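Residues per chain are reported as follows:
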Amino acid sequence: MNRAITVAGVLAIAAVASVDWGARAQTPSPDQAVLTRYCVTCHNERTKTAGLMLDKLDFTHPGTDAESWEKVVRKVRAGMMPPSGAPRPDRATMDGFAERLETELDRAAASNPNPGFTGLHRLNRTEYANAIRDLLALDIDAATLLPADDSSEGFDNIADALGVSPALVERYAAAATKVSRMAVGNILTNAFTTTYRVPGDLSQTEHIDGLPLGTRGGILVHHNFPLDAEYDIKVRARSGGIGVGGIGVSGEELEVTLKGERVKVAGGTTVDVHVKVKAGPQTVGAAYLRRSPPGADDLWQIYAASNVVSSIAITGPLNPTGLGDTPARRRIFVCRPASAAEEDACARKIVSTLAQRAYRQPPSTLDQDTLLSFYQNGRKNGGFDAGIEQAISRILADPRFVFRFEREPANIPVGRPYRISDLELAARLSFFLWSSIPDDELLGLAIENKLHDPAVLEAQTRRMLKDPRSETLVTNFGDQWLYLRELKNQRPETKEFNDNLRQSFRRETELLLDSILREDRSVIDLLNADYTFVDEALAKHYGIPDVRGTRFRRVAVLDEARRGLLGQSSFLLVTSVANRTSPVARGKWILENLLGTPAPLPPPNVPPLDTDGSAQQAASVRQRMEEHRKNPACAACHKIMDPIGFSLENFDLIGRYRASDGGIPIDASGQLVDGTKLNGPASLRGALLSRSGVFVQTMTEKLLTYGTGRALRYYDMPVVRSIAREAARNDNRFSWLIVGIVKSDPFQMRVKQQEIKQ
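If you're wondering where the values come from, they're calculated on a predicted model, not measured in any experiment. (Residues numbered from 1 in each chain as written. Predicted model: local features only at pLDDT ≥ 70, side-chain atom pairs only at ≥ 80, totals over all residues. Heavy atoms only, no water.)

Let us look at the overall build of the protein. Within the protein, the secondary structure is distributed over 29 helices and 20 strands. Taking all 758 residues of the protein together, 52% fall into the buried category. Summarising the internal contacts of the protein: among those between residues at least 6 apart in sequence, 72% fall at separations of at least 24. When the accessible surface of the protein is summed, it comes to about 33400 Å², and 52% of that surface belongs to carbon and sulfur atoms. (Helix = DSSP H or I, 4+ residues; strand = E, 2+ residues; numbered from the N terminus. Buried < 20%, exposed > 50% of the residue type's maximum accessible area, 1.4 Å probe, protein only. Contact = heavy atoms within 4.5 Å. Areas by Shrake-Rupley, 256 points an atom, 1.4 Å probe, with all protein chains shown as cover.)

Put into structure tokens, the structure is as follows:
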């Protein structure tokens, strides 16, 4: 394995270190003096601040207490220590101290590498749905088949959090039966109804992207029609008229479309359509035709836009005529028997092809025979297609599909690191970059035992990053890291907010991260990008002129306050509460997600922020926070997080720029723990950019956690630093972080945990 960014890289850095720590044991060094003066005064055996007793640790050999010294490095690098108000040396002194401490920790780790251990990994809902898509060319809604997954370390793909119970196993078995039937098709499928509902706070006064031009509002759904058959489509609308039970506006017409083609136009708030549809995925839409108001009667225009689509219900199949030619059937049936004598051979080819992709390894003869027995059972009762359906159900219920097994070799002792197989590495790589199973090219290289070659592995990694499926690094990794999944739960108490903005907030941040990935830009651009992506609704929200329509487009950011993540409403909304901003939540988010520093835990019985009384309601959030932090139990935590949050107070709870709060001019001034002065978003961004290396390392930690599916420990930090240093030598481009992670020991190796019983 190429360890240029792991052990060898660490040793090279250690070799050029300007200070020999071991030789300094006789005479106190400048670093020892820094430690004694600025750190040991609080962190000693007597005070035991934060449970850290630096006076009891061997400073000359930090590798013997690596866990404690890694905590010191993290705090110093982020500027969190020495604490606010305590004496501190200049920035260069502290950075040099941290760098030399890191060098010694890296040296010790290189002599005794520990790649860690990842437990048995069950496919979560996202991975399951993507695997079905890539295996069977079938899009499913996994939320209707499987329960929600637990999260740990901020992600829902952490092996230790993906528990298994008898009830969950039953759900996976039931899902296998349902998915196999959907994929193959069954002419005996009973009619069922699927209802798609429009969010209640979606504004329907304007055109919705994907629906025909000349319409307003409505809904566009992607529905899988199981058979060539007839279907009932029922569109329901509701009135926005004044008063209870408003009857709506006469003359308004609803248009129903199938695959973008009009199938019916009718007035009123209910439209029923009976239509023949070919099997497979199709789009169904419903929207109101836009009518120009007569003259300049604004009141008429308001009423004319009052009716809104509330749901589409699709019932079927009715009177089916065939199984249809669907993408799933084309993917499954790689052969067709011309006679009964050819059926078994064709069935073996189909099941072996699917099993190799599903199991992420070539199926044995015994595997094939087992699947063929299921095929034979189904064949007796319903013909060739029914037999294949039974075999697919067995494949999808197999533990080798539902779980990612990594076998421990028998010929090495417990506690010894070992390299995982090429097949296991292929699975790690594909689930990291695609949240799905390997494709044929990747799996073929693994079967040939070529994937562990550093050049081959890097080429595959870069190929997969360019594939559209790598979008999951944005929509899965990015949405969790940046809390975008939380947007759906936000209900800000302001009439200026609706579901259209919620969706636009999320898409803006996703497109920014996607541009970093697709253009292979520096990840530091996430903090300082001078561009963003907006549609008309978001452009109006930000005050950006000359943007029309629902299509997102790239625009320049001319306002310094709006550059990068800190100026985006997605982050600003998820760090607010229902009726106000939350400087504490914003400060905590930045500490944990951008600086990699855990925020201090609140002491027990902390009183809530006072919002009672007209006087308090009229006061600004800052005034209420300052009153709150007069409590000594609250002050210690707040002085770390509040200055960060106060610097963003010019953004309200949904990210609009404002000059005052509660009638009081915004005061965005403050001071970070390291003494850096703040006075608004631009100054905070500058402070973060001055520690851009900490941000890159934090993003590396998040990606490595997500990629390995386990929590990182102190022994992982030398590798994280090595990956970040290699990326820095390549302009911090996104691809270099990914390649560094894939080539690292934690990604390619694991520690043996138990003896293999023969």
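Moving on, there is more to tell.
What follows deals with helix α25 (residues 681–690). Residues of α25 that are buried include every one of Pro-681, Leu-684, Arg-685, Ala-687 and Leu-688, and no others. An end-on view of α25 places all buried positions within 160° of arc, on one side of the element. (Arc of directions from axis to C-beta.)

In the structure shown here, the tally under the stated rule is one disulfide. The cysteine Cys-39 is free of any disulfide, with Cys-42 supplying the nearest cysteine sulfur at 8.9 Å. (Disulfide = S-S within 2.5 Å.)

The antiparallel open sheet is built from four strands, whose spatial order is β2-β9-β4-β7. Each of the sheet's edge strands pairs with one partner strand only, and the pair in question is β2 (192–197) and β7 (270–277). Direction aside, neighbouring strands of the sheet carry axes that sit 20° apart on average. Here nine bridges tie strand β4 (residues 228–238) to strand β9 (residues 308–322), and the two strands are oriented antiparallel to one another. Paired with Ile-233 across the strands is Ile-314, a residue of β9. (Pairing = 2+ DSSP bridges. Axes fitted to C-alpha atoms, helices over the stretch in contact; angles between N-to-C directions.)

The four strands are arranged β3-β8-β5-β6 in an open sheet whose pairing can be described as antiparallel. Two strands lie at the open edges of the sheet, namely β3 (215–225) and β6 (261–267), each paired on one side alone. When the angles between neighbouring strand axes are averaged without regard to direction, this sheet yields 20°. In the sheet, β3 pairs with strand β8 (residues 280–289) via nine bridges, with the strands oriented antiparallel. Paired with His-223 across the two strands is Gln-282, which belongs to β8.

The values reported here are purely geometric and, on their own, carry no functional implication.
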